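# Summary of the model geometry
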Amino acid sequence: MTSILENIVAPGSIDFMLNIGIILLKIAIVIGMGLLHVAYATYFERKVIGHMQVRLGPREVGPLGLLQPIADGVKLFFKEDIIPSESDKPIFYLSPVIFFISALTSLSVIPFFDGFVIADINIGLLFLFAMSSLAAYGIVMSGWSSGSKYSFLGGLRSASQVISYEIAMGLSLVGVMIMAGSLNLTEIVRAQQAYPLGIFAIPQFIGFFVFVVAAFAETNRLPFDLPEAESELVAGYFTEYSGFRFALFFLGEYTGMLVMSSIASVCFLGGWGLPGFITSNLPVFAWKALGLAFFLVKVYAFMFLYYWVRATLPRYRYDQLMAIGWKLLLPLALANIVLTGLVKIWMKGLL
Amino acid sequence: MLPKLFFGYYAVVILFLSMLVVTRKNPVHSVMWMLLLFFHIAGLYLFLNAEFIAAIQVIVYAGAILVLFLFVVLLLNLKEELKIDRFIGSWPAAFVIASATFVLVSIALKSMVLGPPGKYTVDFIKQETHTKALGQLLYTEFLFPFEIASLILLVAVIGAIVLAKRKLRS
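Bear in mind that the values here come from a model prediction, so they are computed numbers and not experimental data. (Residues numbered from 1 in each chain as written. Chains lettered and ligands numbered in written order. Predicted model: local features only at pLDDT ≥ 70, side-chain atom pairs only at ≥ 80, totals over all residues. Heavy atoms only, no water.)

From N to C terminus, chain A includes 13 helices and zero strands. On C-alpha atoms alone, chain A measures out to a radius of gyration of 21 Å, which is about the 20 Å that the 2.2 N^0.38 rule sets for 351 residues. Considered along the principal axes of its C-alpha atoms, chain A spans approximately 60 × 50 × 50 Å. Per-residue burial over chain A gives 54% buried out of 351 residues. On chain A, the mean spot of the 21 positive side-chain charges and the mean spot of the 21 negative ones are 7 Å from each other. (Helix = DSSP H or I, 4+ residues; strand = E, 2+ residues; numbered from the N terminus. Rg over C-alpha atoms; globule rule 2.2 N^0.38 Å. Buried < 20%, exposed > 50% of the residue type's maximum accessible area, 1.4 Å probe, protein only. Lys, Arg positive; Asp, Glu negative; His and termini not counted. Charge placed at Lys NZ, Arg CZ, Asp CG, Glu CD.)

Spelled out as structure tokens, the structure:
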């Protein structure tokens, strides 16, 4: 047991309690900063989509509408909490929490800059998959426990969608695991330094394509937002939720997007990695800050892609969604694994 | 002291949760308790420094198999509980057999001898990382059993597809 605790707490001879204090501080920073980013991701989304549709987006609350997310949060917090009489109460209360917690827990293994991870575990990527499979429970249980047909259908759709695309997403990252030789996200970032531009996206372009499509489906975003297709299912699995329970689903969805963008940034786009001549010439503090800035730029570029696609593409039909997942993405991901493995064995210098 | 405390917690909670799973009236609630049970089992693996197995436990059992259970339970639409007391009346015999097995196992546990310490010590695993050590062992020493297990799974997959397709044609 102590060895696990040592793995979680940074190895070293500092006092045990001090380490726990540092970890709690890290958790507080990541949750605080993460939720702030999530709040402003909604503002960013409304602005981006507004301008794409030749509108202005939010601009009334605060300068340039910058206080809009805070106003929305306050409003949701004070709204009446309505519980349907047909609902299964304990599970109805629990499912938004499961959904939100699973998204938030995923943040704990993501390296934001060199040396800043809450839990630098050896199975970082597998932990992320485990948490994303937990999120499916939040969705399907909320759909079932609401006692409404729209919620139920939305929940079932979402569960089958998330499970189908999880396989493709997991297999698309296997290429990255083969190239990096590790599941630890920090080591994946380090391994990318040896490649052109310091990113895996060029040699792993098939894997990156599969990952991007699967990430859209995993987070139930357009063009794969069938679980909450407004014209068919009102709002899908969270139709019956109101007030702060709805806000938990909303926060969970955006945190999920943030996590997916972070995985894309860390596993395919180089994360906080910087070229050697920068790290050797700048003071440690400066290049770490620069690394964090690079990481955030990549994350936001990926978030922008989410919004861009939302403003551009129509929704797929359900059978088309399943066909893409099973007949296109899964074979592509498998082919990518075989290809990466063969190249790794036969052309040792190349990978 | 600390390891014993952790193990005690997991053992007690796993037992308690398994009881909850089989005694709930609502099958969906049973599935939710089982989810918690799987997480505790994963915790037990983590406690043994088997981090890869812990992650796979959550991904495969909680993420895939249990979701399929949930689908079956939801699609069966069990609005009303079956009001049958017991399916079979021979529970005293089952109770006697279960108790006897329990006694037998507790006697057998006393004479347990630990195996000789092998190459794979805790320090070795920590240095190699569990995933790597397990992978190397599976693909070298235990390649044949591993391939047999894969073949059996493949047969099951193909069998399921064949059954589904036959229904579609008729």
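From this point, things continue past the structure.
The computed volume of the largest pocket comes to approximately 2100 Å³. As for the largest pocket, its lining consists of 40 residues, and the residues nearest its centre are Val 174 and Met 177 of chain A together with Phe 52, Ile 56 and Tyr 139 of chain B. When residues of the lining of the largest pocket are traced back to their parent elements, those giving at least two are helix 5 (124–145), helix 6 (149–180) and helix 13 (318–346) of chain A together with helix 3 (51–76), helix 6 (130–139) and helix 7 (143–169) of chain B. Of the residues forming the lining of the largest pocket, the biggest block, eight residues, is contributed by helix 6 of chain A. Counted by class, the lining of the largest pocket contains 24 nonpolar, 12 polar and four charged residues. Taken together, domain 1 (1–78) and domain 2 (116–170) of chain B each give at least three residues to the lining of the largest pocket, which thus spans both. (1 Å grid on protein atoms, 1.4 Å probe; cavity = no way out; pocket = protein on both sides within 12 Å on 5 of 7 lines; lining within 4 Å. Points joined across faces, edges and corners; volume = space filled by probe spheres on them. Nonpolar A, V, L, I, M, F, W, Y, C, P; charged D, E, K, R; others polar. Domains from an automatic or database assignment.)

Moving on to the domain arrangement of chain B. When the parts of a complex come together, some accessible area is lost, and that lost area is often taken as the interface size. Residue and element names in this part refer to chain B. Looking at the assigned domains, one finds that chain B contains domain 1 (1–78) and domain 2 (116–170). Put simply, the middle of domain 1 and the middle of domain 2, counted by C-alpha atoms, are 22 Å apart. Contact with domain 1, which involves five residues of that partner, is made by six residues of domain 2. Both sides of the domain 1 and domain 2 interface together cover about 440 Å² of buried area, and 68% of this is carbon and sulfur. Of all residues in domain 1, Asn 49, Glu 51 and Phe 52 give up the largest surface area on contact with domain 2, accounting jointly for 82% of the area buried on that side. (Contact = heavy atoms within 4.5 Å. Buried area = accessible area lost by both parts, 1.4 Å probe.)

A few words now on the pattern of salt bridges. All names here are of chain A. Applying the stated criterion across every chain yields a total of six salt bridges over all chains. Residues Arg 310 and Glu 45 are paired through a salt bridge, measuring 2.6 Å at the closest nitrogen-oxygen approach. Of this pair, Arg 310 sits in helix 12 (residues 284–312) while Glu 45 sits in helix 2 (residues 16–52), placing them 265 residues apart in sequence. Owing to a relative accessible area of 3%, Glu 45 belongs among the buried residues under this scheme. (Salt bridge = Lys/Arg side-chain N within 4 Å of Asp/Glu carboxyl O.)

Attention shifts here to the interface of chain B and chain A. Across the contact, 28 residues belong to chain B and 26 residues belong to chain A. The contact between chain B and chain A buries some 2500 Å² in all, and 79% of this surface belongs to carbon and sulfur atoms. At the junction of chain B with chain A, the criterion picks out zero salt bridges. At the surface where chain B touches chain A, the tally comes to three residue pairs in polar contact (both at pLDDT 80 or more). Broken down by secondary-structure element, the contributors of at least two residues to the side of chain B that touches chain A are helix 1 (2–23), helix 2 (27–47) and helix 3 of chain B. Residues that form the side of chain B that touches chain A fall into these classes: 20 nonpolar, six polar and two charged. (Polar contact = N/O pair within 3.5 Å; in protein donor to acceptor, adjacent residues only side chain to side chain.)

We now examine unusual backbone geometry. Residues and elements named next belong to chain A. Its identity as a non-glycine residue notwithstanding, Val 54 has a phi of 55 degrees, on the positive side. With respect to the element layout, Val 54 can be found in the loop between helix 2 and helix 3 (68–78). Look at Asn 220: it is not a glycine, yet its phi comes out positive at around 55 degrees. Mapped onto the elements of the fold, Asn 220 is located in the loop between helix 8 (205–218) and helix 9 (230–233).

Residues and elements named next belong to chain A. Grouped together as the largest cluster of nonpolar side chains are 107 residues, with contacts concentrated most on Leu 125, Leu 173, Phe 211, Cys 267, Phe 268 and Tyr 307. Once you skip the residues sitting within four places of it in the chain, Cys 267 turns out to touch Leu 125, Leu 173, Val 176, Leu 185, Ile 188, Gln 192 and Phe 200. Within the second largest apolar cluster, eight residues are counted, among which are Phe 92, Phe 99, Ile 139 and Tyr 237. (Core = buried A, V, L, I, M, F, W, Y, C linked by side-chain atoms within 4.5 Å.)

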